[in-house]
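Chain and residue survey
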Amino acid sequence: MKKRPLCAICVLFLLIQTIRVLFSGAGDTEISELEEAASGVAGVILTGSVYRIEKKEKVTAFYLKDNAVSAAGRELAEERVLVYYSGDTVENMIKIGNILHVRGELQAFDGARNPGNFDQREYYRRQGIRVLIWAEQMEVLSKDTDRLRQRLYELRQAWDRLLVRHLGEYYGGTMSAILLGQKSGLDPEMKTMYQKCGISHILAISGLHMTFLGMGIYNALRRAGFGFTVSGTAGAALLILYSLMIGAGVSSLRALIMFLMRIGAEITGRDYDLLTSLAVSAAILCAGQPLYLTDAGFLLSYGAILGIALFAPVFAEVFGCEQIRKKQHWKNGVKKRISAVLLWVLTGLSTSIAVNLMLLGPLLYFYFEIPPYSVFLNLIVIPLMPVAMGAGLFGSALALLWEPGGGAVLQLCRAVLAAYDLVCEWSSGLPFGRIVTGRPEMWQLVLYYVMTALVLILYKRMKKRQKERICRTYGMVLLLVSAGMILLCRGACREGFLPRDEVSVTVLDVGQGDCIHIRGPSADILIDGGSSDVSDVGTYRIGPCLLSRGADSLDYVFVTHGDQDHISGIREMLEDQTFGVRICNLVLPPEKYHDGVLQGLAFTAAEAGTRVLVMDAGEKITDGGLTLECLAPEADAGLEPGNEASLVLEAEYGAFRMLFTGDVEGSGENALVNSGRLERCDVLKAAHHGSKNSGSDGFLDIVQPSLTLISAGRDNRYGHPHAETVERLKKTGSKIYSTQENGALTVRTDGRRIRISGTVSGGV
């Protein structure tokens, strides 16, 4: 067995860093003074130097370093700050290296407010950035410019415009992401489709780019007669400039370091070892930022290469690639070409399976699902990538000299991307096109990788003893282990999250809006789903939360009324039934109370293949021991469509009762009180985000909730929840919990006992 002392040292270092991150945060979890001030300070003034500029859809992002900040009469130092500016007059004058004077509003980054949601705070913390400032005024104090970085930035922007000009917004934005790492122009639907089909890796700057560019120039110079040193230096210089231009991410830095080690080995006449190079590059990156060890991009990038190095030979053994290669020497003509094609397909399949096997853990943990057909899609996608990249590079360069000719070459990129769209659309229509498992527990991940490691060790031993037939069985065992992991997560997600004899109710944090997820004995139910202050709430908050719990479909979605803060996310989900969470039944209030918004939502649902139902007072839906009864509105109550005609539901499970009131208030609440259906409940979901016009004394005298949950946006302009309502609730002896302080709130019950927890605060 090959000895790799440097590799072993780097792996040991990475293990130590992992322990530091998991148990102490490596010092990066401490809150900075400015981050702490963000909770009580609005206006700030700062002076800092621009080191990076990014144009986004609605704002321009300026990354500033070496900042002096004035906030609440205090002078603070902050190494790095992100500034958003929506104007363009000053922005066009700002260059990398300039020193800016900024006046604006301070904001801390959000952590994940719901299970499965993106953690913005951790994402920027890995970049050393703790706060965001929304700039109101900006002034250039010094026009000193970092000429190299500025030229590269201008080149990137000009290149992006050229691609969009010749390929249009859709394909041009995609090629810009592939070649330049420019993600702001990506079509959202295309991005989702690529991710769900398992080919989103082509949108990241990776080792393929570095090999194509660096090795391309290196090999070209070597063929031209230049020496190792000159060729390697030229290739390395090109890649360093390229990395600076695209704003080097984790995967591109990994590829750059590994390329430099490979060139260094060739120049010095040493052997290049893939695993040693991989370990050294990981150690270098994690020495500078240990939190990379928790980053999805880092784990996926390194996991892909590690999977190829460790497991591709195992599956090549399963498919008999070596035997086919040996037999090629005895064939000629057509048979030899067929054998070569077969060998290429099986080698590609071995590599694709190996990568997916290694990345199974991160994929399930960060994305909660696995696209099984990606193993075969990548046999088409990856070989076509050099065609797209080559056409993109050559066509862009040619367009500078001869625009029509360059534009014609760039159309090859359009053809390749169109082919990608076709195969993705085709695969998404196949049975089991995606398997949603939910987020696995840490013990499941540890068990999976321990088992794969044991199988790999046994394979190596049998290989050393030259027992080929036994070696092939170990490849099949690895496939069974990965399949077992998928089944374990899918089956255990419900029970791991919720024992069989329990029901859970989660009030999601959707900002200023409402969304409640009920997980019954066998059904997943949603009540409302919208927000007035969080954009794309269905895509970025509701959908990921549901998928993280293994809920790839909802049996019933109840809409209490037609306000946008209750339905905007549901509309998003209905418009994305191919790749999103499937809605089986949409349940609306009695038809008499339908306004134009509810009618439009019903039409959208029908077009998506979702059954549309209405529910009248007194009707029930049952799921095992869980009963969900409609208490209001009465069809003949004479109410106006909207808040007062909100659908009011009561959940009953054993001795447990919980009331869901939508935005009911005024005459609607009075009608509910007089209906005789209202009873005492254990938990109340407060109506209308705690508005002063809901939760009257007469209502609370009957309900008398032990717990009250309020869904409202932080610092919302309505002042929800209102002090009068909170005071009335306190008088009943109810404990009050809000999404504002706790993030998503989850109530679990076995029909007798009740437990409540919050996402942000943990146990509340």
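Residues numbered from 1 in each chain as written. Predicted model: local features only at pLDDT ≥ 70, side-chain atom pairs only at ≥ 80, totals over all residues. Heavy atoms only, no water.

Along its length, the protein carries 23 helices and 25 strands. For the protein, the C-alpha radius of gyration of 29 Å lies close to 27 Å, the compact-globule estimate for 764 residues. For the protein, the spread of C-alpha atoms along the principal axes amounts to about 95 × 70 × 55 Å. Expressed as a percentage of the 764 residues in the protein, the buried residues total 52%. Taking as baseline every contact in the protein between residues at least 6 positions apart, the subset at least 24 positions apart corresponds to 71%. (Helix = DSSP H or I, 4+ residues; strand = E, 2+ residues; numbered from the N terminus. Rg over C-alpha atoms; globule rule 2.2 N^0.38 Å. Buried < 20%, exposed > 50% of the residue type's maximum accessible area, 1.4 Å probe, protein only. Contact = heavy atoms within 4.5 Å.)

Let us look at the sheet that holds strand E4 (residues 99-108). Strand order in the closed barrel formed by five strands is E1-E2-E3-E5-E4, and the pairing between neighbours is mixed. Mean inter-strand twist for the sheet, computed between neighbouring axes without regard to direction, equals 45°. The pairing of E4 with strand E5 (residues 131-142) spans ten bridges and is antiparallel. Opposite alanine 108, over in E5, you have valine 131 as the bridge partner. (Pairing = 2+ DSSP bridges. Axes fitted to C-alpha atoms, helices over the stretch in contact; angles between N-to-C directions.)

On to the pattern of salt bridges. Throughout the structure, instances matching the rule amount to 24 salt bridges. A salt bridge links arginine 113 to aspartate 509; the nearest nitrogen and oxygen atoms lie 2.7 Å apart. Placement of the pair is arginine 113 in the loop between E4 and helix H3 (120-125) and aspartate 509 in the loop between strand E8 (503-507) and strand E9 (513-519), with a sequence separation of 396 residues. Of the charged contacts in the structure, one is a salt bridge between arginine 680 and aspartate 682, with a shortest N-O distance of 3.9 Å. (Salt bridge = Lys/Arg side-chain N within 4 Å of Asp/Glu carboxyl O.)

Quick look at the side chain of serine 352 now. Tracing the backbone through its elements, the reader meets serine 352 in helix H12 (residues 333-367). There is a polar contact of 2.9 Å between the side chain of serine 352 and the backbone oxygen of valine 375. (Polar contact = N/O pair within 3.5 Å; in protein donor to acceptor, adjacent residues only side chain to side chain.)

Glancing now at a nonpolar patch on the surface. A surface patch of nonpolar side chains, about 460 Å² in accessible area, is lined by Met442, Val446, Val450, Leu454 and Ile457. Tracing the backbone shows isoleucine 457 in helix H15 (residues 442-464). Taking relative accessible area as the criterion, isoleucine 457 reaches 44% and is therefore assigned partly exposed. (Patch = residues over 30% accessible without salt bridge, like charges linked within 9 Å, V, L, I, M, F, W, Y side chains within 5 Å. Areas by Shrake-Rupley, 256 points an atom, 1.4 Å probe, with all protein chains shown as cover.)

Peptide bonds are mostly trans, and most non-glycine residues show a negative phi. The amide bond that connects alanine 632 to the next residue, proline 633, takes the cis arrangement and shows omega of 10°. Note that proline 633 resides in the loop between strand E17 (626-632) and strand E18 (648-653). Cis geometry is found at the peptide bond from histidine 720 to proline 721, where omega equals -10°. In this structure, proline 721 sits in the loop between strand E21 (707-710) and helix H22 (723-731).

What follows deals with the packing of helix H4 (residues 147-180) against helix H14 (residues 403-428). With their axes 10 Å apart at the nearest point, H4 and H14 run at an angle of 50° to one another. Judged by the inter-axis angle, H4 sits oblique to H14. Handedness of the H4/H14 crossing: left-handed. From H4, Leu162, Leu163, Arg165, His166, Leu167, Gly168, Tyr170, Tyr171, Thr174, Met175 and Ile178 reach across to H14, where they touch Glu403, Gly407, Leu410, Gln411, Cys413, Arg414, Leu417, Ala418 and Asp421. Split by residue class, the contact of H4 with H14 holds eleven nonpolar, five polar and four charged. (Parallel < 35°, antiparallel > 145°, perpendicular 65-115°, else oblique. Left-handed = near helix turned anticlockwise from the far one by under 90°. Nonpolar A, V, L, I, M, F, W, Y, C, P; charged D, E, K, R; others polar.)

With that out of the way, let us pick up H15. Between its terminal C-alpha atoms H15 stretches 33 Å, which fits the 33 Å expected from 23 residues at 1.5 Å a residue. Every buried residue of H15 is accounted for by Gln444, Leu445, Tyr448, Thr452, Val455, Leu456, Tyr459 and Met462. Glutamine 466, located one to two residues past H15, shows a positive phi value of around 60°. (Expected span 1.5 Å × (residues − 1).)

Quick look at the sheet that holds strand E19 (residues 656-660) now. A sheet is described by the order of its strands in space; here seven strands give the open sequence E16-E17-E18-E19-E20-E21-E22, paired in mixed fashion. Each edge of the sheet is formed by a strand with only one pairing partner; in this case those strands are strand E16 (620-623) and strand E22 (735-738). Sheet twist, expressed as the average angle between the axes of neighbouring strands with direction ignored, equals 20°. Looking at chain direction, E19 and strand E20 (residues 683-685) are connected through three bridges and run parallel. Looking at E20, one finds that leucine 659 is bridged to leucine 684.

Along the polypeptide, arginine 677 turns up in the loop between helix H20 (667-674) and E20. Note on arginine 677: relative accessible area 24%, which makes it partly exposed. Sequence separation between arginine 677 and valine 318 is 359 residues, and the spatial gap between their C-alpha atoms is 66 Å. Apart from residues no more than four positions distant in its own chain, arginine 677 is found in contact with Ala617, Gly618, Leu631 and Glu634. At 2.3 Å, the side chain of arginine 677 and the side chain of glutamate 634 are in polar contact.

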